[in-house]
Amino acid sequence: MKLQLITVCILIGILPIFAMSQLLLKTYERRATDQKISELAHNITIISNLLLSNGFFASAESPDINGILSEIAQVADIYEGRILIVDSGLAIRYDTYGLEEGKTLISEEAVQAVRGTNGKYLDRENQYVELTYPVINTDTKEVVGGIITSFSIVGIQDIYDNLQQAAVLMFLVLAILVCTCAILYGNFYLKPLKQMTSSFDRWSDGLMDEKIEFKGFKEMETISDSFNHMLSRLQKLEDSRQEFVSNVSHELKTPITSIKVLSDSLLSQEDVPNELYREFLVDITEEVERENKIITDLLSLVKMDKTAGEMNIASININELVEQILKRLQPIANKRSIELVFESFRPVMAEVDEVKLSLAINNLIENAIKYNFDEGWVHVSLNADHKFFYLKVADSGVGIPEDAQDSIFERFYRVDKARSRETGGTGLGLSITRNAILMHRGAIKVYSKEQEGTTFTVRIPLTYIA
Ligand code: ADP
């Protein structure tokens, strides 16, 4: 990542500078050459006009001709070049070098010029520019001669080379600067990431209580906040797992301790009467049943904790399901003369896991009977709208104190331990119920007043959402 970061910085920082400097140099070279050519063209037009007005091509005896020729020589000097003047028959009438006068010039450019066309040829390699111009009589529109010039552009090239050297130097300095900045910046950025890695390592080595803190950037602080939030959730989960394990061990140990006490006391006595044996064995059987119930409830709870993939969804008639549960529980209610009433507002079909939902409803109605007064009542009602079905289990029982209402869904929580134990409660029933309802993407709420009664309301979607 460091290498990538540095490479990106270098690419972004250096390449554009390089491209820009090359572009500027090329533009300078083109503009300077163009300007020189246009200055030359201007001077040649003046020369051409002077030659025409003095009748240079008509006769060489004009009085001012020497003045004009020295002017032409001056122009050639200034521009470090050579100017040749030919007549329409390509005979060289004037050469600023004085070498070719009287000879005939046979070159493509000269032929073009006397035919009436301008010519321009740029030779970058040898650093010169050649310009050819026809001299046209403005009255007769006749080409009377041609001006052939060649000029050096070495000056431009020299400046270009100097600038190029300066650009390379500047480029190198900038490259070193950008590389240094990129390395420093890379290290600066990656420092918190290194810090993060070592914090994670320490955390996975077991220092779970340690808070993780990344300093440097706002984003890093946000990550560390989210991470600490996740850690504290993990810590809570770990705490609740440990608490659960210790609760399970305690709950499983209680019946076993009772069994041990009962059997020890039988064994320590000699000639124990048969009736006492029977009495103790009845107690021992009860404890075994209790142990069995705790294990069954624990297994149900574990099943409910599994993922939604474990759901066995089918379209079920909820009215029939509730009626079956009530039928099963009727004998327990009858024992204490508790009235069980079912009120159904409409037939309800819903996509549910029958086993899990039955367990949940069963626990609610069983609790309503267990924590009720003799000759009390339990009212169960079922209703639905287009999205959900609603189940209400109300009783005339002992109620739940307000401060305990938030805890009743916790595993092993019991309001009155002695009473719950008497009724065979394990403290797992409502956890199982809530988990089953949550697995159906439903909700459960409790309303209760001590000594007056309790109402549980359950809302479950009619169609299962995976
Ligand atoms: P238990 O196996 O002890 O019944 P639950 O998880 O089913 O465990 O219930 C937790 C506690 O909530 C119970 O111990 C009881 O004190 C209280 N409780 C549950 N349902 C009712 C109810 N209908 N009326 C009064 N108290 C209730």
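Bear in mind that the values here come from a model prediction, so they are computed numbers and not experimental data. (Residues numbered from 1 in each chain as written. Predicted model: local features only at pLDDT ≥ 70, side-chain atom pairs only at ≥ 80, totals over all residues. Heavy atoms only, no water.)

As a further point, take the pairing of strand 10 (residues 388-395). Of all eight residues making up strand 10, six are buried, and the element is well covered by its neighbours. In this structure, strand 9 (residues 377-384) lies alongside strand 10, joined through seven bridges in antiparallel fashion. By the bridge assignment, Val 378 is partnered in strand 10 with Asp 395. Between the end of strand 9 and the start of strand 10, which pair antiparallel, lie three residues. Where strand 10 and strand 12 (residues 453-461) come together, eight bridges link them in antiparallel fashion. (Buried < 20%, exposed > 50% of the residue type's maximum accessible area, 1.4 Å probe, protein only. Helix = DSSP H or I, 4+ residues; strand = E, 2+ residues; numbered from the N terminus. Pairing = 2+ DSSP bridges.)

Moving on to the UniProt feature "transmembrane region" (unreviewed entry) in the protein chain. Annotation from UniProt places "transmembrane region" (unreviewed entry) at residues 166-190. Measuring from the first to the last C-alpha atom of residues 166-190 gives 35 Å, for a span that is 100% helix and 0% strand. (UniProt positions renumbered as here; feature names shortened; annotations may be inferred.)

Turning our attention to the domain arrangement of the protein chain. For the protein chain, the domain assignment lists domain 1 (2-159), domain 2 (218-303) and domain 3 (313-461). Taken residue by residue, the interface counts 16 residues in domain 2 and 15 residues in domain 3. Between domain 2 and domain 3, the buried area comes to about 1300 Å², and carbon and sulfur atoms account for 58% of it. For domain 2, the biggest contributors to the area lost against domain 3 are Glu 251, Arg 290 and Leu 301; these three give 41% of the whole. Inspection of the domain 2/domain 3 interface yields one salt bridge. A salt bridge links Arg 414 to Glu 251, with the shortest nitrogen-to-oxygen separation between them at 2.6 Å. With nine residues, the top contributor of residues to the side of domain 2 that touches domain 3 is helix 6 (residues 274-305). Its residues placed into classes, the side of domain 2 that touches domain 3 shows five nonpolar, five polar and six charged. (Domains from an automatic or database assignment. Contact = heavy atoms within 4.5 Å. Buried area = accessible area lost by both parts, 1.4 Å probe. Salt bridge = Lys/Arg side-chain N within 4 Å of Asp/Glu carboxyl O. Nonpolar A, V, L, I, M, F, W, Y, C, P; charged D, E, K, R; others polar.)

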